[in-house]
Each structure stands twice: as structure tokens, then as C-alpha cells.
Amino acid sequence: VELGYLLLPFAWGNGYATESVESILKQYRNFLSCFNQGTETNIQANVHLENTKSIRVLEKLGFQEAGRSEGGDPVQLGGSKR
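Values in this document were obtained by computation on a predicted structure and should not be read as measured data. (Residues numbered from 1 in each chain as written. Predicted model: local features only at pLDDT ≥ 70, side-chain atom pairs only at ≥ 80, totals over all residues. Heavy atoms only, no water.)

The next thing to look at is the overall build of the protein. Summing up its helical and strand segments, the protein has two helices and three strands in all. Counting only residues that meet the buried cut, the protein has 27% of its 82 residues in that class. Contacts in the protein between residues far apart in sequence, at least 24 positions, make up 48% of those at least 6 positions apart. (Helix = DSSP H or I, 4+ residues; strand = E, 2+ residues; numbered from the N terminus. Buried < 20%, exposed > 50% of the residue type's maximum accessible area, 1.4 Å probe, protein only. Contact = heavy atoms within 4.5 Å.)

See below:
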């Protein structure tokens, strides 16, 4: 499963990305819980190092840096089921 998002500049800073990604992650975790009861679900996100606003969105949703690709791009962030 892959998720991407792109917002036009007039929509930046309004919490749309955080709210949207949070809602999608919640639904995805609920879906997985039907099949993986009691097991932790790890989710990985990749984001370009210079995209600090998207990194912040993911951090707000509980993701933590898990590594970087060669050349420093992209940053890999990992999150787990809460």
C-alpha cells in the first residue's frame, strides 16, 4: 500500500495533511486489525530530507526517523500501531 499527497500552497499550514493522513492511517490500522489481531503493525514512510513540513506531519502522527538513504535522501520514518 502506498500513500502520497500534494497540497497547493494556499492550503499549507492548515492541518489538512495531518488530518487526512491520520484518518487514512486509522482506517488502515482498523482494516489490518481484522486480520492481525494482537500483533503490532509497522508502517514506513519515505520523505525527501528537504521536505521538512511533511517530516513534521509524520512526526506529529508518531513516526520517528529510522534511517536515511545514501546521499541523505529520502528519510525513512517508522511508526507502529498505537
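Read on, since the account is not over.
Here we take up the confidence of the model for the protein. Low-confidence regions, as indicated by low pLDDT, have predicted coordinates that should not be scrutinised in detail. Across the protein, the average pLDDT comes to 83, with 84% of residues at 70 or higher. Ranking the elements of the protein by mean pLDDT puts strand β3 (residues 75-80) last, at 62, and helix α2 (residues 52-60) first, at 93. (pLDDT = per-residue confidence, 0-100.)

With 18 residues, helix α1 (residues 16-33) extends 26 Å between its outermost C-alpha atoms, agreeing within 8% with the 26 Å of an ideal straight helix rising 1.5 Å per residue. Within the sequence span of α1, burial applies to Ala17, Thr18, Val21, Leu25, Arg29 and Leu32. One face of α1 carries all of its buried residues, which in axial projection span an arc of 90 degrees. Of the residues in α1, the exposed ones pointing more than 90 degrees away from the buried face are Glu19, Lys26 and Gln27. (Expected span 1.5 Å × (residues − 1). Arc of directions from axis to C-beta.)

Quick look at the nonpolar core now. The nonpolar side chains of soluble globular proteins are, as a tendency, buried together. Judged by nonpolar contacts, Ala17, Val21, Leu25, Ile43, Ala45, Val47, Ile55, Val57, Leu58, Leu61 and Phe63 together constitute the single largest core of 11 residues. Elements that contribute at least two residues to this core include exactly α1, β1 (42-47) and α2. (Core = buried A, V, L, I, M, F, W, Y, C linked by side-chain atoms within 4.5 Å.)

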